[in-house]
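Results of the structural survey
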Amino acid sequence: MMMIVTQNTMAVERKKRKLKRIAVLTSGGDAPGMNAAIRAVTRAAIANKLKVVGIRHGYQGMIDGDFISLKAFDVSGILHLGGTVLKTARCMEFMTSEGREKAYQQLKKAEIDAVVVIGGDGSFTGALVMSQEYNMPFVGIPATIDNDMYGTDYTIGYETALNTVVDAVDKIRDTARSHGRIFFVEVMGHEAGLIALNSGIACGAEVIVIPESNEHQQDELHKFLSKGYKNKESSGIVIVAEGEETGGAMKIAEEVRKEHPDLEVRVSILGHIQRGGSPTAKDRINATRMGVAAIDALLDDQKSVMIGIANDHIVQVPFNKAVKLNHNIDTYLLEIQRLMNS
Ligand code: F6P
């Protein structure tokens, strides 16, 4: 069950406050807009007379007690920066009960009453387990370029990553056209095809190969190679979502080379350029909205919820739903993509 929330910091401010000091950390893969979220969490907390501690290097920093005090001016000049000023990590030790015990002792020593985690589903799984073990309130802000979180239309960084892919593929298209080549462009997405699907539509890709519809898309590819390309096209862009399910761009291109030795096939793996760069206006605005909403949620005694944006409204999604359920792709978008190439 998702709950739509009206953002009203002033109303929350009037409530009796139990919280005194909150911590904020970034965890998992970095995503453009994480800094905007850190800034919003810090400033909204300070506006509500809370003290703020930044935890460096994600959960590893929680275990090691790598804490810094954050004042409003400490988060000046970071809104437009990619990456995360608090650094991030994927922490194996936090997956053990010993690791979480150490982390809890550090939080207790620093008199931290609640934690805001900016990250993806792995980060929220850790938060959920620790909040159950130690009754520590955690609120999550979804930040991953993959946009694969259940309960939110949007995760921080996705919009910027999508624009980075579109920009890169537009450039690759110039070479594809000039040389009459077929490019297999691999994009990120972990086990989700949202970047591939939407960048494919935005770039007019001839075919997209995504884990959610792998077999069907492979058929589309064969159709394109045997009919479309040979009869009416002189070049083509095939966007492939990374991962075992699709096999990745290299593998698909290799198979195509064997079957069609006459074609000029090239592969381009965009890789981590998709994770970097200055966040778009939308990523900055949504990161700011979600940062403020995270503090509202904590002041409202919420715990173990992820802040999300659904139909442009702030929502709260229980962690156990956010981490267990999938963000399904919009099959209508797949139809549109096919229609554009029929
Ligand atoms: O989860 C975000 C993501 O960018 C995935 O799309 C990708 O598979 C993964 O991170 C790569 O992460 P890293 O290089 O940090 O291990």
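About the thresholds
- Residues numbered from 1 in each chain as written.
- Predicted model: local features only at pLDDT ≥ 70, side-chain atom pairs only at ≥ 80, totals over all residues.
- Heavy atoms only, no water.
- Helix = DSSP H or I, 4+ residues; strand = E, 2+ residues; numbered from the N terminus.
- Buried < 20%, exposed > 50% of the residue type's maximum accessible area, 1.4 Å probe, protein only.
- Lys, Arg positive; Asp, Glu negative; His and termini not counted.
- Salt bridge = Lys/Arg side-chain N within 4 Å of Asp/Glu carboxyl O.
- Contact = heavy atoms within 4.5 Å.
- Domains from an automatic or database assignment.
- Buried area = accessible area lost by both parts, 1.4 Å probe.
- Polar contact = N/O pair within 3.5 Å; in protein donor to acceptor, adjacent residues only side chain to side chain.
- Nonpolar A, V, L, I, M, F, W, Y, C, P; charged D, E, K, R; others polar.
- Core = buried A, V, L, I, M, F, W, Y, C linked by side-chain atoms within 4.5 Å.
- Near = heavy atom within 4 Å.
- Areas by Shrake-Rupley, 256 points an atom, 1.4 Å probe, with all protein chains shown as cover.
- Expected span 1.5 Å × (residues − 1).
- Pairing = 2+ DSSP bridges.
- Right-handed = clockwise from strand over helix to strand, strands pointing away.

**Overview of the side chain of Asp-146**
- Locating Asp-146 in the fold gives a position in the loop between β6 (138-142) and α6 (158-179).
- Among buried Asp, Glu, Lys and Arg side chains, Asp-146 stands out as unpaired, with Arg-90 the closest opposite charge at 6.7 Å.
- Non-local contacts of Asp-146, meaning those with residues more than four positions away in its chain, are made with Tyr-158, Met-188, Gly-189, His-190, Ala-192, Leu-194 and Ile-195.

**Some points on the domain arrangement of the chain**
- Domain assignment breaks the chain into domain 1 (3-145 + 282-310) and domain 2 (158-273 + 331-340).
- It is Ile-145, Lys-282 and Asp-283 that lose the most area in domain 1 upon contact with domain 2, and together they represent 81% of the buried surface on that side.
- The interface formed by domain 1 and domain 2 includes 1 residue pair in polar contact (both at pLDDT 80 or more).
- Here the residues of the side of domain 1 that touches domain 2 are counted per class, giving 2 nonpolar, 1 polar and 2 charged.

**A word on the nonpolar core**
- If you look at the biggest cluster of nonpolar residues, it comprises 66 residues, and the most contacted ones within it are Ile-22, Val-116, Ile-118, Ile-237 and Ile-295.
- Two domains each donate at least three residues to this core, and these are domain 1 (3-145 + 282-310) and domain 2 (158-273 + 331-340).
- Residues within four places of Ile-295 in sequence aside, it is in contact with Ile-22, Val-41, Ala-44, Ala-45, Asn-48, Leu-50 and Val-116.
- Val-53, Ala-103, Phe-124 and Ala-310 belong to the second-largest nonpolar core, a separate cluster that totals 28 residues.

**Section: the site of the ligand**
- Within the structure, the ligand sits among Arg-90, Thr-144, Ile-145, Asp-146, Met-188, Gly-189, His-190, Glu-242, His-272 and Arg-275.
- Here Glu-242 contributes a side-chain N or O atom positioned 2.5 Å from an oxygen atom of the ligand.
- A distance of 2.6 Å separates an oxygen atom of the ligand from a polar atom in the side chain of His-272.
- When the ligand is considered free in solution it has 400 Å² of accessible area, and contact with the protein chains removes 71% of it.
- Per-class residue counts for the shell around the ligand are 2 nonpolar, 4 polar and 4 charged.
- Residue assignment places the shell around the ligand across two domains, with domain 1 (3-145 + 282-310) and domain 2 (158-273 + 331-340) each supplying three or more.

**Some thoughts on the environment of Cys-91**
- Within the secondary structure layout, Cys-91 lies in the loop between β4 (67-70) and α4 (97-109).
- A C-alpha to C-alpha distance of 6.1 Å links Cys-91 and Tyr-59, two positions 32 residues apart in sequence.
- Setting aside residues no more than four positions away along its own chain, Cys-91 makes contact with Tyr-59, Gln-60 and Ile-63.

**With respect to α4**
- Taking 1.5 Å of rise per residue, the 13 residues of α4 would be expected to cover 18 Å, and the 18 Å separating its terminal C-alpha atoms lies within 8% of that figure.
- For α4, the secondary structure elements touched by its buried residues are β3 (51-55), α3 (58-64), β4, β5 (114-119) and α5 (121-134).
- Count one or two residues on from α4 and you reach Glu-111, which has phi positive near 55 degrees.

**Here's the deal with the pairing of strand β2 (residues 21-26)**
- For β2, the buried fraction is high: 5 of the 6 residues fall into the buried class.
- Sheet topology note: the β2/β3 ladder contains 5 bridges and is parallel. The residue bridging Arg-21 from the neighbouring strand is Lys-51, located in β3.
- Each parallel crossover has a hand, and the one from β2 via helix α2 (residues 34-47) to β3 is right-handed.
- Judged from the 5 bridges that link them, β2 and β5 form a sheet pairing that is parallel. Bridge pairing in β5 places Val-24 opposite Val-116.

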